[in-house]
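A closer look at the structure
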Protein chains: 4
Amino acid sequence: MHRRTPPPGRAGRPRSATADAAILAATRAALVELGWSKLTLGDVAMRAGVAKTTLYRRWAGKNELVVDAVAELFDELRVPDRGSLAADIEGVVLQFAAILARPEARSGLMAVVAESTRDEPLRERIRASIVERQKRLVLEGRARAQARGELPPESDPGEAARTVDLIFDVVAGAVVHRTLVSAEPADEQWVRSFTRVLVTGLTSLAAPSFESRTRPDSPSGA
Amino acid sequence: MHRRTPPPGRAGRPRSATADAAILAATRAALVELGWSKLTLGDVAMRAGVAKTTLYRRWAGKNELVVDAVAELFDELRVPDRGSLAADIEGVVLQFAAILARPEARSGLMAVVAESTRDEPLRERIRASIVERQKRLVLEGRARAQARGELPPESDPGEAARTVDLIFDVVAGAVVHRTLVSAEPADEQWVRSFTRVLVTGLTSLAAPSFESRTRPDSPSGA
Amino acid sequence: MHRRTPPPGRAGRPRSATADAAILAATRAALVELGWSKLTLGDVAMRAGVAKTTLYRRWAGKNELVVDAVAELFDELRVPDRGSLAADIEGVVLQFAAILARPEARSGLMAVVAESTRDEPLRERIRASIVERQKRLVLEGRARAQARGELPPESDPGEAARTVDLIFDVVAGAVVHRTLVSAEPADEQWVRSFTRVLVTGLTSLAAPSFESRTRPDSPSGA
Amino acid sequence: MHRRTPPPGRAGRPRSATADAAILAATRAALVELGWSKLTLGDVAMRAGVAKTTLYRRWAGKNELVVDAVAELFDELRVPDRGSLAADIEGVVLQFAAILARPEARSGLMAVVAESTRDEPLRERIRASIVERQKRLVLEGRARAQARGELPPESDPGEAARTVDLIFDVVAGAVVHRTLVSAEPADEQWVRSFTRVLVTGLTSLAAPSFESRTRPDSPSGA
DNA sequence: CCATAATCGAGACGGTACGTCGAGTCTTACT
DNA sequence: AGTAAGACTCGACGTACCGTCTCGATTATGG
C-alpha cells in the first residue's frame, strides 16, 4: 500500500508474496532486540532470509519500512462496549497503553515521528497509515455515545471534525507522554483519572445546552 | 551538569569554559539545518571551532549532547499572570507550542525520546533536565490559581503530586502530538478549545463541592 | 597471492580485476611522495579511485599492502651474461642498487622489515614474496658459472643451499647497508671492490681443490 | 649530545639530570614490549615518571629518541684478542648478532633507518651516533692484525678509508640481513663461513703480493 | 517450448560517519 | 625557568552501514 509498487508491466518473474510479511515480521523482531537506531537493513534482510536488494525494491528506506511494520500493530485496537462513554474510553486507552508497552512499538514509533519532522512525505505516510487510520476509534466511540444519548448529534460538521482531532491529540499525546517520556505505567488508576478529566471536559465543551438539560449546574456559561 | 565531569583533581589545564556554550549552540544550529539523523558530531565540532575529541571528552555521545542542547530551550518558559487559571494555561501552552515550532526543538526532542526507550540513563537524563525541571510551571500556575481562590489548597500531598504529573502529561502530550504528529498548528483557537476541556475537567476533578460553592457562575471573569 | 582471498564461493559480484593493479600503483606513488610513515590508506584509496573498504577487503593493513607493492619492483631483476662470474655479479648488484635508489623501494623496504621483527606472518610474507623469490638470481648465476667451469658442480645439496643463503645475505645486506644506512652510492667503483672480495672469498670457499686446479697460484692451500 | 640543548641562559630551574637516563631506559623497555610502531611518547613519559612536555623539551620526536636509546646498545661492543684476524672478526660478529637478537634493537634499528630515508638530519644522526661511532671496531681490528703481521700497513689513506667503509657495510649488512630479513640465527657455523669468505676476500684484495710473501700457506689455520 | 524479462540471493562497490588513538602544543599551578 | 598534569587541535585509524551495482540463477508469461 505504501510501498514501492512494481511497474504494471506484466512480463518477468513476479515478486515473492511471502517476502513482504517476512520482512515486516523481521523488522519488528529487530526493533525488539536492537531498537530503531541499531536496526540495520542488512540485518533485517538476513533475518527475513531475503537479499538486501529485495528489500530496497519494495521500500525506500528504513523509515518507510518501520512505519509499515509499526502501523500494523495498531490495527488490533477495538472499541469495547462497556456501557458508558467513560468506560469505553478507558477500555481503548488501556489497549493503546498496552501496545505502547511493547518494545517494537516504543522503539519505532517515536523514531519515525522524529524523522518525520524533516521529511514531509514520511509525515504524510504516518498520518495516513497510523493517525487517520485509527481515528475510526474516536468516530466509533462517539457514535456509540450518541446512540446512548450521552452526546448530542453533531450539528456543525467542521466543528465535529475539529473535536475528533482534539480528542485524538489529547488521548494519544497523553498516553504516549505518560508511557514514553514520564516512563510511568498507564495503569488503571491513571487511566481512570485521565478519562474523568477528559469526559468531563468534553461533555461540557460539546453542547452546553444539551448538557445543561441533564446537568443544570454546569459551570460554563461562556 | 549532565556531562562527563572532569576529575576533581586540580592539576592540569582546566577545561575551556567557552567551549561548552559554543558546542551547545552549534548543536542547535546543526539541528536546524540538518535535523537529528543527519547531525554528525564531527560537524558540530567543526561549527563550534572545537576538535571532535573535546566534544567526546565532555559528552558521552550524540544523545546526551542533544538532550542538553534542547533542554536549554525550555528554560525560557514563564507563567504569565493573565488573571485567571484558564488564561494562564493558555499563555503557557502557546509559549510551549512556539518552542515546538522551532526546528531545533522539533528535530531533537522526539529523537532523544525515541532513543530513551532503549537507554534507561538517557531517559532519566531527559526526565531530570526537561520534564521534572519544567514541572515548576504547573506548580506555579496552581499556586497562583489557589491564591486567586480558583482552586482549593491541596489536602492530600500524594494526590496533589499525581495531579501535577497528570496535567503535565496531558498538556505536553497533547501539544506535542498536535504539533509533531498531526502537524497542525497549535494556534489560539486550538489552544482555547484544549484549555477549556482541560480546565473544566480539572476543576470538576479537583473539588466539585468547592467549586460549586464559590463559583456557581462562569469560572472566567476575563 | 598474499592477499585476503575472496571465499571460493561463486555467488555475488566478483572483485574488480583492475582495482588491484591501481591500488599497488597508487601505493608506490604514495611511497614516492610521502614515504612509509606518512602514507595513509585513505590517501592510497583516493589515489587509486577506490573506496577505503575495498582496500581493506583485500589487504589486512598497511604492511601487507606495502610488501606487495614493493615486491613487484624486484621482479625486473635479471642476470646478464657478461662473460664471467665476477662480471655477472657486478651486473646484478648494479641493478639491485638502482632499484634501492628509487624512493618507493627505499621508503618501503626497511619499514616493512622493521615491522616484521614483531610480526611473524609479515616476516614470512616478506621472505616468500621478496627473499626466496629473488634467490633465483643466485641460482641462475651459479648455474652459468658452473657451465663456464668457474665453479664446480655442487656435491652436497645441503651445503649448496647454505651457500646460496650466505651469498644472498652478504650481497643484499651489503648493498642495502651501503645504500640506506651509509647513504653512499653503490657506484661502479664500490661494486667492483665488493665483487672482488666476494668472488675471491667464494671461490676459495667453494672448492679449494677444484680451484687450485685451474688457478695454481691460489693463496689457499687448505 | 644529539638532543635539544637547553639555551645557555642560566636562570631558572635546571633540567633534571636523572630524567634523561630514565627516559632512555623507558624507551628501551617500551621497544621490548611494544615494538617501534606501537611505542607512544605518552607511554614512554609515563614509564619514566615524567611529563610529556619534559620529553619534548629534550628530543624532537620519536625517531630522535629511539636513535639515542638504541645507539647506547652498541657501545658495549669490544674487539676481543683471539689471536688471529679471522678469530677476532668472528668474535665481534657474534657480539653484534647477540645485540641484534635483543628485541629493543631489532624493533628500533630498522625502523629509524627506514625513517631516515626521507629525513636527512635523522640519517646524519644515525651515521654519527651509530655507524661512524662503531667503525672504531674495524680500525681496532685492523691495527691489531697489522701488529700481528697479518695485514700490511696501509699506504694510501683514501683507499684505506674506503676499505673500512666496505668492511663495515659488508659485515653489518650481512648480519642484519641474516638476522632480521632471513630470520635465521647468526650462529657459530654461519659466522665461521661468513668470516672465511670475508677474510679470504679481504686479504687477497688488500695486498696479494704482501700476503703471498709472508703467508704462502693457508691464511686460516682453523 | 522457447524467448523475454523481471525477480531472486549473494556479495563487491563508492561513500560517509563512527568513536578512538596518538602526535605535538598549550595552559594551569607548583617547585 | 623547569616540572607534572591534563586539555587542546589535528589527522589517521579500522569498522559499520548505507544504498547501488553486478553477477549467475530462477521463474513467470507471451510468441
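Just so it is clear, the model here is predicted, and its values are computed rather than measured.

As a further point, take the overall build of chain A. In terms of regular secondary structure, chain A is built from 10 helices and 0 strands. Along the chain direction, N to C, the helices and strands of chain A fall in the order α-α-α-α-α-α-α-α-α-α. When each of the 222 residues of chain A is scored for burial, the buried share is 53%. The contacts of chain A with a sequence gap of at least 6 include a subset with a gap of at least 24, amounting to 64%. Accessible area of chain A: about 10300 Å², with a carbon and sulfur share of 56%.

To continue, consider the environment of Ala183(B). Positionally, Ala183(B) belongs in the loop between helix H8 (157–181) and helix H9 (188–206). Separated by 82 residues in sequence, Ala183(B) and Ala101(B) place their C-alpha atoms 10.0 Å apart. When sequence neighbours within four positions are dropped, the list of residues in contact with Ala183(B) reads Arg123(A), His177(B) and Arg178(B).

A separate point is the interface of chain D and chain C. Each partner contributes residues to the interface: chain D has 54 residues there, and chain C has 50 residues. Those elements giving two or more residues to the side of chain D that touches chain C turn out to be helix H1 (17–34), helix H6 (103–116), helix H7 (120–148), helix H8 (157–181), helix H9 (188–206) and helix H10 (208–214) of chain D. In terms of residue count, the dominant contributor to the side of chain D that touches chain C is H8(D) (13 residues). Considered class by class, the residues forming the side of chain D that touches chain C number 26 nonpolar, 14 polar and 14 charged.

Here chain A sits on chain B after a turn of 180° about the axis and a move of 0.1 Å along it, with an RMSD of 0.2 Å. When the rotation and shift are considered jointly, the pair of chain copies conforms to a two-fold rotation axis.

Right, let's get into the protein's contact with DNA strand E. Near DNA strand E you find 42 residues, and of these Thr54(A), Arg57(A), Arg58(A), Tyr56(B) and Arg58(C) are the closest. Here a phosphate oxygen of DNA strand E sits 2.5 Å away from a polar atom, N or O, in the side chain of Tyr56(B). Elements with a contribution of two residues or more to the surface near DNA strand E: helix H3 (52–58) of chain A, helix H2 (41–48) and helix H3 (52–58) of chain B, helix H3 (52–58) of chain C together with helix H2 (41–48) and helix H3 (52–58) of chain D.

Glancing now at the relation of the copies chain D and chain C. Turning one copy of the chain about an axis and sliding it along that axis gives the other copy, so a rotation and a shift relate them. For the pair chain D and chain C, the relating rotation is 180°, the translation along its axis is 0.1 Å, and the fit reaches an RMSD of 0.1 Å. Here 89% of the contact residues of chain D are again contact residues in chain C; the copies associate through an equivalent surface.

Let's shift gears to the packing of helix H1 (residues 17–34) of chain A against helix H2 (residues 41–48) of chain A. Two measures define how a pair of helices packs: the angle their axes make with one another and the distance between the axes. All names here are of chain A. Where H1 contacts H2, the axes come no closer than 8 Å and their chain directions differ by 120°. Considering the angle they form, H1 stands oblique to H2. Relative to H2, H1 is oriented so that their crossing is right-handed. Of the residues in H2, those in contact with Ala22, Ile23, Ala26, Thr27, Ala29, Ala30, Glu33 and Leu34 of H1 are Asp43, Val44, Arg47 and Ala48. Residues that form the contact of H1 with H2 fall into these classes: 8 nonpolar, 1 polar and 3 charged.

A common way to express how large an interface is: the accessible area buried when the components associate. Every contact between the two is made by 51 residues of chain A and, on the other side, 52 residues of chain B. Summing the contributions of chain A and of chain B, the shared interface buries around 4300 Å²; its carbon and sulfur component is 60%. Counting across the interface, chain A meets chain B through 4 salt bridges. The partner of Arg178(B) in a salt bridge is Asp169(A), and the shortest N-O contact between them spans 3.9 Å. At the boundary of chain A with chain B, the tally comes to 12 residue pairs in polar contact (both at pLDDT 80 or more). By residue class, the composition of the side of chain A that touches chain B is 25 nonpolar, 14 polar and 12 charged.

Between the first and last C-alpha of helix H5 (residues 85–100) of chain A there are 23 Å, a value that for 16 residues agrees with the 22 Å anticipated at 1.5 Å per step. Taken as a whole, H5(A) has its buried residues at Leu85(A), Ala87(A), Asp88(A), Ile89(A), Glu90(A), Gly91(A), Val92(A), Val93(A), Phe96(A), Ala97(A), Ile99(A) and Leu100(A).

Before going further, it helps to examine the pattern of salt bridges. Overall, the coordinates contain 92 salt bridges over all chains when judged by the stated rule. Residue Glu188(B) is joined to Arg192(B) by a salt bridge in which the shortest nitrogen-to-oxygen separation is 3.6 Å. Separated by 4 residues within a single helix, Glu188(B) and Arg192(B) lie in helix H9, roughly one turn from each other. Taking relative accessible area as the criterion, Arg192(B) reaches 46% and is therefore assigned partly exposed. Members of the salt-bridge network, linked through shared partners, are Asp81(A), Asp88(A), Glu140(A), Arg144(A), Arg148(A) and Glu150(A).

On to unusual backbone geometry. Within the chain, Ala183(A) stands out as a residue other than glycine whose phi angle is a positive 60°. The exposure class assigned to Ala183(A) is partly exposed, which follows from its relative accessible area of 32%.

Bringing the packing of helix H4 (residues 62–71) of chain B against helix H6 (residues 103–116) of chain B into the picture now. Residue and element names in this part refer to chain B. Where H4 meets H6, the closest approach of the two axes is 9 Å, and the angle between their N-to-C directions is 135°. Looking at the two axes, H4 sits oblique to H6. In the crossing of H4 with H6, the sense of the turn from one axis to the other is left-handed. Side by side, H4 and H6 meet where Asn63, Val66, Val67 and Val70 of the first sit next to Glu104, Gly108, Leu109, Val112 and Glu115 of the second. Residues belonging to the contact of H4 with H6 are distributed by class as follows: 5 nonpolar, 2 polar and 2 charged.

For Arg123(C), the location among the structural elements is in helix H7 (residues 120–148). Separated by 2.9 Å, the side chains of Arg123(C) and Glu120(C) make a polar contact.

For the rest of this paragraph, the subject is H1(A). Residue and element names in this part refer to chain A. Spanning 18 residues, H1 covers 27 Å between terminal C-alpha atoms, matching the ideal 26 Å at 1.5 Å per step. When H1 is considered as a whole, its buried residues turn out to be Ala19, Asp20, Ile23, Leu24, Ala26, Thr27, Arg28, Ala30 and Leu31. Close packing links the buried residues of H1 with H2, H3, helix H4 (62–71) and helix H6 (103–116). The positive-phi residue at the C-terminal boundary of H1 is Gly35, with phi of around 80°.

All names here are of chain A. Scanning all chains against the criterion turns up 8 aromatic pairs over all chains. Centroid distance Trp190 to Phe194: 5.2 Å. Interplanar angle 5°. Geometry classified as stacked. Linking Trp190 with Phe194, this pair stays in helix H9 (residues 188–206), spanning 4 residues, or about one helical turn. Taken individually, Trp190 and Phe194 each receive the classification buried, so the pair is uniform in this respect.

A few words on the environment of Ser84(A). Residue and element names in this part refer to chain A. Tracing the backbone through its elements, the reader meets Ser84 in the loop between H4 and H5. Given the relative accessible area of 23%, Ser84 is considered partly exposed. Spatially, the C-alpha atom of Ser84 lies 8.0 Å from that of Glu150, the residues being 66 residues apart in sequence. Beyond its immediate sequence surroundings of up to four residues, Ser84 is in contact with Arg148 and Glu150. Here the side chain of Ser84 touches Ala87 through a polar contact of 3.1 Å, landing on its backbone nitrogen.

Summary statistics for chain A give a mean pLDDT of 90 and a share of 90% for residues scoring 70 or more. Per-element confidence in chain A is highest for H2(A), whose mean pLDDT is 98, and lowest for helix H10 (residues 208–214) of chain A, whose mean pLDDT is 46.

The next subject is the environment of Arg28(B). Residues and elements named next belong to chain B. Turning to its location among the elements, Arg28 is positioned in helix H1 (residues 17–34). For the pair Arg28 and Val66, spaced 38 residues apart in sequence, the C-alpha separation works out to 8.0 Å. In contact with Arg28, other than residues within four places in its own chain, are Ala69, Glu72, Leu73 and Glu104.

Conventions used here
Residues numbered from 1 in each chain as written. Chains lettered and ligands numbered in written order. Predicted model: local features only at pLDDT ≥ 70, side-chain atom pairs only at ≥ 80, totals over all residues. Heavy atoms only, no water. Helix = DSSP H or I, 4+ residues; strand = E, 2+ residues; numbered from the N terminus. Buried < 20%, exposed > 50% of the residue type's maximum accessible area, 1.4 Å probe, protein only. Contact = heavy atoms within 4.5 Å. Areas by Shrake-Rupley, 256 points an atom, 1.4 Å probe, with all protein chains shown as cover. Nonpolar A, V, L, I, M, F, W, Y, C, P; charged D, E, K, R; others polar. Least-squares fit on C-alpha atoms with pLDDT ≥ 70 in both. Near = heavy atom within 4 Å. Polar contact = N/O pair within 3.5 Å; in protein donor to acceptor, adjacent residues only side chain to side chain. Axes fitted to C-alpha atoms, helices over the stretch in contact; angles between N-to-C directions. Parallel < 35°, antiparallel > 145°, perpendicular 65-115°, else oblique. Left-handed = near helix turned anticlockwise from the far one by under 90°. Buried area = accessible area lost by both parts, 1.4 Å probe. Salt bridge = Lys/Arg side-chain N within 4 Å of Asp/Glu carboxyl O. Expected span 1.5 Å × (residues − 1). Phe/Tyr/Trp six-rings, centres within 6.5 Å; stacked < 30°, edge-to-face > 60°. pLDDT = per-residue confidence, 0-100.

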